[in-house]
Amino acid sequence: MKILRSLCTSLVLALAVFLSSAQAATIHVPDSFLYDAVRGQIVFGTDTIKCGLAPSSYVYNRATHSKRSDVTEITGTGYTAGGQAVTPTVTNDTTNHKLVIGIPQIVWTGSTTITARQLYCYKSTGTASADPLILFADFGADVSSSGGTFTVNAITIEYTHF
């Protein structure tokens with residue numbers, strides 16, 4: 001456990017990429033994420049990870065927003081409160097000395113009518129005040145769907161090892 005803690009605490013956010021030809025986004029990682037992950041509060045592969053959408057009226061605060069209850073969520077036709085479950089990937093790249101976390105493409109299908117400015121991902125415990133946040137993606141402007149599909153493309157976060 002000490003080795004894992006040392007490795008995790010020596011990670012530096014090197015690159016966050018939002019893979020999309022239609023939308024560009026700025027990726028933010030809450031200050032609480034690495035601390036929660038090192039303490040075993042977030043375990044990729046066993047925990048339920050979900051991603052939801054936030055409106056432009058929500059103002060993200062990296063230092064103080066650590067739980068899902070800190071986030072304002074959108075409402076709309078075809079959108080379920082709490083967002084959708086996703087299956088992230090985690091790869092330890094020992095050749096390039098980095099840890100890569102991937103969030104897959106997320107699609108709200110059917111007659112979806114929503115407008116969102118941000119995506120947020122979190123570990124779902126079933127209680128918003130206990131759900132630790134993992135990341136935010138700010139699209140830079142509102143993105144809307146009107147009676148169609150709403151898609152957020154894959155996100156990759158890379159941490160380099162010291």
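Please refer to the structure placed before this passage.
Bear in mind the structure is a predicted one, so any value in this text is a computation, not a measurement.

Draft legend 1. Just the pairing of strand 8 (residues 133-152), in detail. Alignment of strand 2 (residues 26-28) against strand 8, held across three bridges, turns out to be antiparallel. Bridge pairing in strand 8 places I27 opposite A137. Of the pairings in the sheet, the one linking strand 7 (residues 106-123) to strand 8 comprises 13 bridges and is antiparallel in character. Residue pairing in the sheet places V107 in a bridge with T151 of strand 8.

Draft legend 2. Region of the structure containing the pattern of salt bridges. Under the defined criterion, the tally for this structure stands at six salt bridges. Two residues, R117 and D138, come together in a salt bridge whose shortest N-O distance is 2.9 Å. Residue R117 is found in strand 7, and its partner D138 is found in strand 8; the two are separated by 21 residues along the sequence. Using a relative accessible area of 24% as the deciding quantity, one classes R117 as partly exposed. Overall, D138 belongs to the buried group, its relative accessible area being 19%.

Draft legend 3. Layout of the sheet that holds strand 7. Pairing in this open sheet of five strands is antiparallel, and the strands run 2-8-7-3-4 from one edge to the other. Both edges of this open sheet fall to strand 2 and strand 4 (84-86), since each of them pairs with a single strand only. The mean angle between the axes of side-by-side strands here comes to 40 degrees, regardless of whether they run parallel or antiparallel. With three bridges joining them, strand 3 (residues 49-54) and strand 4 adopt antiparallel strand pairing. By the bridge assignment for strand 4, I49 is matched with V86.

Draft legend 4. The arrangement of the nonpolar core in detail. Ranked by size, the top nonpolar core spans 37 residues in total, and within it L53, L119 and F150 carry the most contacts. Looking at this core, the elements with two or more residues in it are strand 3, strand 6 (98-103), strand 7, strand 8 and strand 9 (155-161). Sorting elements by how many residues they give to this core places strand 8 first, with nine residues. Contacts of L119, omitting those with residues within four sequence positions, involve C51, G52, L53, I106, W108, L135, F136, A137, F139, V152 and I155.

Draft legend 5. How the structure looks around helix 2 (residues 31-38). Those residues of helix 2 lying buried are S32, F33, D36 and V38. The positive-phi residue at the C-terminal boundary of helix 2 is G40, with phi of around 80 degrees.

Draft legend 6. Structural view of the pairing of strand 7. Bridge count for strand 3 against strand 7 is six bridges, and the pairing is antiparallel. What sits directly across from I49, in strand 7, is K123.

Draft legend 7. How the structure looks around the state of the cysteines. Evaluated as defined, the whole model comprises one disulfide. The disulfide partner of C51 is C121, and the gap between their sulfur atoms is 2.1 Å. Disulfide C51-C121: torsion about the S-S bond near 100 degrees, hence right-handed. Here C51 is found in strand 3, whereas its partner C121 is found in strand 7, with 70 residues between them in sequence. In this structure, C51 and C121 share a single accessibility class: buried.

Criteria and cut-off values
- Residue positions are given per chain, counting from 1 as you read along its sequence in written order.
- Where local features are concerned, this predicted model is filtered to residues with pLDDT of at least 70; where side-chain atom pairs are given and counted, the filter is 80 or more; whole-chain, interface and lining totals use all residues.
- Heavy atoms from the whole structure form the basis of all side-chain values; hydrogens and water molecules are not counted.
- Strand pairing requires that DSSP identify at least two bridges connecting the strands.
- We count a stretch as a helix when DSSP gives it H or I for four or more residues in a row; a strand needs E for two or more, and each element gets its number in order from the N terminus.
- Salt bridge criterion: a side-chain nitrogen from Lys or Arg within 4 Å of a carboxyl oxygen from Asp or Glu.
- Throughout this description, buried means an accessible area under 20% of the type-specific maximum (1.4 Å probe, protein chains only), exposed means over 50%, and partly exposed covers the range between.
- Where helices are involved, their axes are fitted lines through C-alpha atoms of the stretch in contact, as for all axes, and angles between N-to-C directions lie from 0 to 180°.
- Here, nonpolar core means buried Ala, Val, Leu, Ile, Met, Phe, Trp, Tyr and Cys residues that are tied together by side-chain atoms lying within 4.5 Å of each other.
- Working rule for contacts: check all heavy atoms of both residues, and any pair within 4.5 Å makes them a contact.
- Defined by distance alone, a disulfide is two cysteine sulfur atoms within 2.5 Å.

Any functional reading would require information that these geometric values do not contain.
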